[in-house]
Amino acid sequence: MKYLILFCILITQSCAHEIKTNRYKNRVTVTGPIKSENIYIKQKPPQAAVIVRPQALATNSLTGKSIGGSLGVGEPTAIEPTAVEPSREQQQASQLPIEPLYWIEEVKNIYLSPVAEEEKSKNLNQIFDSQMLPKEIKASKEAELKEKAPEVFEYYQAKELQTFWDQKNYEQASLIALELKESSNPYLNQKGKYYYEQYQFVRKASAQKIGVLLPKGDKQSERFLNALNLSFGVYDQKNNPFQFIVYDEIDSPIEIEKHFENWVKTENVIAIIGGLKSKSHSLIAKLSQHYQVPFLYFAQKSDVTKDSSYLFQYGLTLDVQIRGIIENARINGIKKMAIIYPNDGYGVEAANLLWNYAKAQEIKIVAVQTYHPNESDFQGIAAQLSSKSEEWDRSEEFKKIQKEMIENEPEKKKKILEKTALDLLSPVYDFDAIFIPDTPKAMAKISASLAYYGIRRLPLYGTKLWVTSESARLAGHFWSNYLIFSDSAYNHIGTQIAVSHPFIEDYKKNYNKTPEQLELSVYEAVSLIKASLEQGVATRPELAEHLSQKARANGIFGQNIKFDQYREINAPVTLFRFDENMKMIPASDLISY
């Protein structure tokens, strides 16, 4: 036994030493998503996190998480869940006798137990679920329970209410809720009142009333309302059969909650559209779910629909921009990339998205550097990426180069000896492109530092933040023709992209300007609402379900549009670059998702 313990200690020390050695060689090994840390990987790239929601990858039908595949190819496929063997309790329950109603005494004991009503309800539901009564005798068992234990029967009704509600059988659920409203049990009484009130929200809805949430006095709000009128086929609000109930989008949670209550309880709107800000997305998701009212959300915030089955999103999200970048990189044969990102919400999200989508396309992320959002000096980052930092021991290489130069030009020995490693060493890096999810000003400072350390004329990828002529000017001589960035194709109709559509012509005729992404997105989203209402949809849950599964419409480019499995529609994205005259031109063919 003594020798066994000694052997274990030796093994442990050996493993610890090996881990330390490996960490020293590779600087940092990353096994999860990018975090707020300064990371550099020289040789072996880190393992990326689980792929974040690539729309066209295979998905697990149980979890909805992506499991691999090729980006942008075909429709999502589902893996069938494996059969689950019944638990021991389920097997026993299925073998228990139906007659008599043997568990009456047991449920009475739970009913009389001194626990909270919510816990009591949970325990009773477990017993109800274990009975597995055949449908043909279920009614007689319910009658027996009601007769022998009427107080417990109300808990059974509460369980049935929840089941019907989850199945969207609101009429049946409302009948049970109406009975529970008369219960003397405060817990069940409150439950009945809540669901009966929810039923009133669901039942009352006018197909001609639309709630609108927009920032007051904002230019985008005016464009949004213009597009909203035209999308319903009218040019004048007075002649529009649809009524828009417009409320101000403000940062006050109390006021936004009042807006929802008025829309649903007083105005009886069938849907809400708007939400150009991103600060209130969590509250909007919560309220749309609570009031069961479809909300078509337009703020450019990724991954917001997961918090509400009634929240739908349309726009050029960061997610779709990054997918466009990776697709462009794949087309251009890029195999390895570096990421330099600010340590803020936008930068971290963008870096993680690129990392995951790059992995899906077998593009390796071999170097990652982060910096404070207010950073202005990027010399250290450039030194790291070029392998000219003091952390990279290239002293032998430096001495060899210095010796060869002195042998070739001995008369210049003094000047050669005065030169530093920065002067003599060539950059050593292992990537074909760099991704910088930051503003043009930050990109310009980073690119200048990279050029100083010898990293030049590589594709620099960025997001729509670079959609400005200032980007090319700031990038300077070494980089202006190497900037590649994503933007909505809709923003370039009439310039780089030519397309004819009745809505575009109507908008030009009425407002003397070409519609851009916001207006065209409103048109396409409204087209899906109209398609649903034309099918006879009359309630908010029906509209939400129809938008999720059945609604189809023709997009601006003639494509068939619909909300995907995440209740999102992404505007078509295209990649741009600057030519020799600093004019923005398409960097690739149109990429749609």
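Residues numbered from 1 in each chain as written. Predicted model: local features only at pLDDT ≥ 70, side-chain atom pairs only at ≥ 80, totals over all residues. Heavy atoms only, no water.

K.L.:
I'd like a description of the overall build of the protein, backed by residues and values.
P.N.:
Within the protein, the secondary structure is distributed over 22 helices and 18 strands. Classification of the 593 residues of the protein by burial places 47% in the buried group. Relative to all contacts within the protein whose residues are 6 or more apart in sequence, the contacts with residues 24 or more apart total 65%. By element, 50% of the accessible surface of the protein is carried by carbon and sulfur atoms, the whole surface being about 30700 Å². (Helix = DSSP H or I, 4+ residues; strand = E, 2+ residues; numbered from the N terminus. Buried < 20%, exposed > 50% of the residue type's maximum accessible area, 1.4 Å probe, protein only. Contact = heavy atoms within 4.5 Å. Areas by Shrake-Rupley, 256 points an atom, 1.4 Å probe, with all protein chains shown as cover.)

K.L.:
Break down the packing of helix α12 (residues 318–331) against helix α13 (residues 345–360) for me, with residues and values.
P.N.:
The interhelical angle for the contact between α12 and α13, taken along N-to-C directions, is 45°, at an axis separation of 9 Å. One finds that α12 runs oblique with respect to α13. The two elements α12 and α13 cross, and the hand of that crossing is right-handed. Across the interface between the two elements, Leu 318, Asp 319, Ile 322, Arg 323, Ile 325 and Ile 326 from α12 touch Tyr 346, Glu 349, Ala 350, Leu 353, Leu 354, Tyr 357 and Ala 358 from α13. (Axes fitted to C-alpha atoms, helices over the stretch in contact; angles between N-to-C directions. Parallel < 35°, antiparallel > 145°, perpendicular 65-115°, else oblique. Left-handed = near helix turned anticlockwise from the far one by under 90°.)

K.L.:
Please give an account of the environment of Ala 551 that cites residues and values.
P.N.:
Turning to its location among the elements, Ala 551 is positioned in the loop between α22 (540–549) and β14 (553–554). When its relative accessible area of 1% is taken as the criterion, Ala 551 is described as buried. In this view, Ala 551 contacts Leu 528, Ser 532, His 546, Ile 561 and Lys 562; residues no more than four positions away in its chain are not counted.

K.L.:
Tell me what's going on with the packing of helix α10 (residues 253–267) against helix α11 (residues 281–291), and back it up with residues and numbers.
P.N.:
One can describe the packing of α10 onto α11 by two numbers: an axis separation of 11 Å at closest approach and a directional angle of 30°. Judged by the angle between their axes, α10 and α11 are roughly parallel. Of the two elements, α10 crosses α11, and the hand of that crossing is right-handed. Contacts between α10 and α11 involve Pro 253, Ile 256, Glu 257, Phe 260, Glu 261, Val 264 and Lys 265 from the first element and Leu 283, Ile 284, Leu 287, Ser 288 and Tyr 291 from the second.

K.L.:
Outline the sheet that holds strand β7 (residues 295–297), supporting the account with residue identities and numerical values.
P.N.:
Taken together, the six strands give an open sheet; going across it, the order is β5-β4-β6-β7-β8-β16, and neighbouring strands pair in parallel fashion. The outermost strands of the open sheet, each flanked by one partner alone, are β5 (243–248) and β16 (568–570). Adjacent strand axes in the sheet meet at a mean angle of 20° when their direction is disregarded. Packed on one face of the sheet, α22 meets β6 (269–274), β7 and β8 (311–315) and runs near 50° to β6. (Pairing = 2+ DSSP bridges.)

K.L.:
Account for the sheet that holds strand β11 (residues 433–435), naming residues and giving values.
P.N.:
Hydrogen bonds along the backbone pair up the strands of a sheet, which may run parallel or antiparallel. Ordered in space as β10-β9-β11-β12-β13-β17-β18, the seven strands form an open sheet in which the pairing is mixed. Unpaired on one side and paired on the other, β10 (364–371) and β18 (584–586) mark the two borders of the sheet. Looking at each pair of strands side by side, their axes are set apart by 30° on average, direction ignored. Across two bridges, the pairing between β11 and strand β12 (residues 460–462) is parallel. Its bridge partner lying in β12, Ile 434 is registered against Leu 460. α13 contacts β9 (336–342), β10 and β11 of the sheet and is inclined by roughly 165° relative to β9.

K.L.:
Provide a residue-level description of the packing of aromatic side chains, including the pertinent values.
P.N.:
Tallied over the entire structure, the rule returns 16 aromatic pairs. Relative to Tyr 297, the ring of Phe 295 lies with its centre 6.1 Å away and its plane at 55°, an arrangement referred to as tilted. A single burial state applies to Phe 295 and to Tyr 297, both of which are buried. Seen from their ring centres, Phe 298 and Tyr 314 are 6.4 Å apart, and the 10° between their planes marks the pair as stacked. With a gap of 16 residues between them, Phe 298 in the loop between β7 and β8 and Tyr 314 in strand β8 connect regions that are remote in the sequence. Here Tyr 314 falls in the buried class, since its relative accessible area comes to 2%. (Phe/Tyr/Trp six-rings, centres within 6.5 Å; stacked < 30°, edge-to-face > 60°.)

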